[in-house]
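Listed here are the chains, written in short residue letters.
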Amino acid sequence: MIRTVLALAAVLTLLPAGAVAQEPGTSSATEAPPDSLDHLVTPPAGTPAHEREAPTVAAVRVEGGIDVDGRLDEPVWRTAPAATRFLQREPDEGEPATQRTEVRFAYDDETLYVGARMYDEMGAEGVTSRLVRRDARAESDRLTLRFDTFLDHLGQTRFSVNPQEVRGDAYGPAGSHPDDSWDPVWSAEAEIDSLGWTAELAIPFSQLRFAEGADQEWGLQIEREVSRLNERQVWSFWRLDESGGPSRYGHLTGITAPAVGVDRLELLPYLVAQTESTGEVDEEDPFDLERESTLRVGADLKYLVSSDFTLDATLNPDFGQVEVDPAVVNLSAFETFFPEKREFFIANRGLFSFGGFNCYFCSNVSPLSMLFTRRIGRAPQATSLAFERGRFVDIPDNTTILGAAKLTGRTRGGTSVGILGALTEREEAEVADLDGNVFEQEVEPLTGYFVGRVKHDLLDGDLQVGGIATSVARNFDDPALERVLPAHSEGLGVDTEWWWGDRSYSLRASAAFTNVSGSEEAILALQRSSARYFQRPDRDHGSNGVFTDRFDPTLESMRGYGFYGRVAKESGNWRWEGAVSGRSPGFENNDIAFLTRTDYVWMNGNVVRRWTEPTAWFRQLNATVGAQQQFNYDGDLVDRQFHGSVFLQTPFYWNTHIFGIVRPSTLDDRLTRGGPVVRSPDKGFLAGFVGTDRRKPVSFTLNPSLGWNEEGARDWSVRLGVDVRPVSNVSLSVGPRFSHSESTDQFVTSREDPVAEDFFGRRYVFSDLEQTTVSFDTRLDWTFTPTLSLELFAQPFVSSNDFSRFKEFAAPRRLEKRVYGEDVGTIRPEGEDAFVIDPDGTGPAEAFTISDPDFNFRSLRGNLVLRWEYLPGSTFFFVWTQDRRSRIFRGDFDFRRDFDELFEAEPDDIFLVKATYWLGI
């Protein structure tokens, strides 16, 4: 596939550039604002000055609708009041916009219309535009509208368009981060002419959420980007050193009692035809078919309960993913995170976000997550039961979702609500035993999921308080599953966010409580999991009262709590923050969230200095210094770091970033994977980034890094990114990356040994590890029209993993290690793929055998996606996904051998055709 990409790139450089109108024109400059920058700033909401000084524009009613063609030839666009006072955010903060902009608003019973004229002093020649897929970011002129439709000074509903009619949209209710996977049904047309360019937008009220009532007043921000000047102009202005957002938006008035619209019910049925072919077929495996075809049908439904509440439902939601998960080699004890990609679960997910998390600089920490929707419909979890019973197994890739529904919205009184429920099918694997008998083994029970989220706003959005409740309940048909999975789990959380001092200071805090119950075997597995390692032999504290804190194989339930708090100064040239986060040992919500570890208290502090006024040396400059540390519930210091970073944007718009971390030696309670605490060495890390001006036809990024520890291990990596845009509708990006990492304490295995008294009768084996990885991320985007695009992604990935110098720690809580065959005992090869280790030579300890863990992994993953929105809201997909992978047990790095053998590996191909049809009833 990568060879195809490179060949296409060569052809595409010969394509003609997109045509634009040629007649130049003139523009009239915006009137100069007052000399004092303070007079230009929109005061924050909640102050009397905001109501007096926030810019306001009125929408006018129009009869008979508007022909949306981008030409602005309707009379209403000459008579409606215009938003015209635009100021620069960049490059000259607070100065009048160099290019005049006029934006007007009109509406009828069903639709909000926007007419915008973007003047350019160079006329058509000054307009810069690129043709990319919907929501894709490109260096282009652009008009963006941000609506706070509830006027709660928190929400954002974003619409944007560029001169080639590329639309963008995002939804971020109740202060959540705008989600650009939201794709409402609306239209936009644009025209390039002798005066610059124009745009007309038609946004049905049925696609918006707003408070019920006769007279509507919405928050409004208008932004225009002039790419050739790197100019970003805004209608409602605040300084770069201030906290902004919806609390400083202007106001859109004049809309009287818009109807919800005729499209109260939206139905999106889909049909998927899929063919999967396997490169290598095991003739003895009755389930290993060379080719397998499936046909799936399903539907998504959206019903507008009111103008501010929506009911979404799905039947048999599609699992076909447009983008593949990248290849990784994970040698840790923790799960790899992959983001949610299914449309039903992505939509309105901001209303379910909990707690929030932010830091100026931090590492090795995660937010207090209470919902990870990829758990719903996950791959069956009890696959070990099938493998225990047979030689060959056929396990479903995912658990079938019988149905799911969610109710989301916001009351006029400022309460946001999100309710989600889902039911997944009981799944069975087919198993063939040694005698050829085929039978079924249940590998996932019937499971119900529930999430309820509520958030209420006070003080004009400066204070939010909320709560969340989650539940997972399983119905077991096979008693064997009860020994593997908990019967049910629950979670309850509360959170708050408070801003004060004209939104210069903020406090975020959240707390959550969890309970999980089931059989003794299922709860024992949770106690032993890598998230907590309750069985650690030197862990001797706590009790199992209200909250679980002590290892007990007879437990049938486990309870815990988590918390997070941060106070910060968020505006001004000097900023600071202090934060604390923790999870009690018994905290467990992995049935419905993403959790990797508990049993810690983490704290962090940073000071930031910002320079936003351009000089001859830079346009922006930020510097951060700080520290963090972490303790477990035994009181052991398990992490400490001191860090600093500098970000600089040059006068010619290159971005540079460098940061460093120093970690002194601390204890490590996870390294032995359930054994005693040991010590980690002093470590250091240094990384940088350089990115050139992305407006150019060719731009580059460079990411080097270097790491080291006191025992002589060295890590280094370099990633080069090259983006080539030969014509306005084609882009090719390639990202070769080379990394080499070394470890002096890679866990290998553990063995029972009564002689190892210091380690409580168990011997823990480690090794040096040299890991070398080469990957080459390649992406081609070819956009034919704003609604028709082709994307091609390919990732060759080669990794070698060489284990050597097998060793053990000399004693718990110490750094010293003893290498077998050098410092203690003996080690000798056993055949070609094993070692015999005698840990004390002629001593009483018994010798044991371990497999040689060396391996090389090669992978080529990629997909091709043709996407066509053939009608508004209706889309056709053709997807080809290919996966080639192989593994050898060598460990040495030979790029040419591994790369050649990668292309020789037999491919697994999936061809998928999907069609959706949007119905508004």
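Read on for a plain summary of the structure.

1. Describing the overall build of the protein
Along the protein, the regular secondary structure elements total eight helices and 48 strands. Radius of gyration (C-alpha) of the protein: 30 Å, near the 29 Å computed for a compact globule of 921 residues. The principal-axis extent of the C-alpha atoms belonging to the protein is close to 95 × 60 × 60 Å. Summarising the internal contacts of the protein: among those between residues at least 6 apart in sequence, 66% fall at separations of at least 24. For the protein, the exposed surface amounts to about 38800 Å²; the carbon and sulfur share of it is 54%.

2. Digging into the sheet that holds strand β21 (residues 427-432)
If you walk across this open sheet you meet the three strands as β18-β21-β22, and the pairing is antiparallel. For this open sheet the edge positions go to β18 (392-394) and β22 (438-444), each flanked by a neighbour on one side alone. Strand-to-strand, the axes of this sheet are offset by a mean angle of 30 degrees, without reference to chain direction. Relative to β21, β18 runs antiparallel, the two sharing three bridges. Pairing of F392 across the sheet is with A432, part of β21.

3. A few points about the sheet that holds strand β44 (residues 848-851)
With antiparallel pairing, the three strands of this open sheet are ordered in space as β42-β43-β44. The sheet terminates laterally at β42 (826-829) and β44, the two strands that pair on one side only. Averaged over all neighbouring strand pairs, the angle between strand axes comes to 25 degrees, with direction disregarded. Two elements, strand β43 (residues 834-838) and β44, share four bridges in a ladder whose sense is antiparallel. Each residue of the ladder has a partner; that of F835, found in β44, is I850.

4. Re the environment of Q771
Looking at the secondary structure, you find Q771 in strand β39 (residues 762-785). Residue Q771 is classed as buried on the basis of its relative accessible area, which comes to 16%. For the pair Q771 and S800, spaced 29 residues apart in sequence, the C-alpha to C-alpha distance is 5.6 Å. One polar contact links Q771 to N801, side chain to side chain, over a distance of 2.6 Å.

5. A closer look at the state of the cysteines
Should the sulfur atoms of two cysteines be covalently bonded, the bond is a disulfide. All told, the structure shown has one disulfide when counted by the stated rule. At a sulfur-sulfur separation of 2.0 Å, the disulfide partner of C359 is C362. Looking along the S-S bond of the C359-C362 disulfide, the torsion reads about -70 degrees, which is the left-handed sense.

6. With respect to the side chain of N606
Locating N606 in the fold gives a position in strand β29 (residues 600-611). Judged by its relative accessible area of 3%, N606 is buried. From its side chain, N606 meets the backbone oxygen of F361 in a polar contact 2.8 Å long. For N606, the side chain forms a polar contact with the side chain of N604, separated by 3.0 Å. Excluding residues within four positions of it along the chain, N606 makes contact with Y360, F361, R575, W576, E577, T624, V625, G626, A627 and H643.

Reading the values: the criteria
- Residues numbered from 1 in each chain as written.
- Predicted model: local features only at pLDDT ≥ 70, side-chain atom pairs only at ≥ 80, totals over all residues.
- Heavy atoms only, no water.
- Helix = DSSP H or I, 4+ residues; strand = E, 2+ residues; numbered from the N terminus.
- Rg over C-alpha atoms; globule rule 2.2 N^0.38 Å.
- Contact = heavy atoms within 4.5 Å.
- Areas by Shrake-Rupley, 256 points an atom, 1.4 Å probe, with all protein chains shown as cover.
- Pairing = 2+ DSSP bridges.
- Axes fitted to C-alpha atoms, helices over the stretch in contact; angles between N-to-C directions.
- Buried < 20%, exposed > 50% of the residue type's maximum accessible area, 1.4 Å probe, protein only.
- Polar contact = N/O pair within 3.5 Å; in protein donor to acceptor, adjacent residues only side chain to side chain.
- Disulfide = S-S within 2.5 Å.

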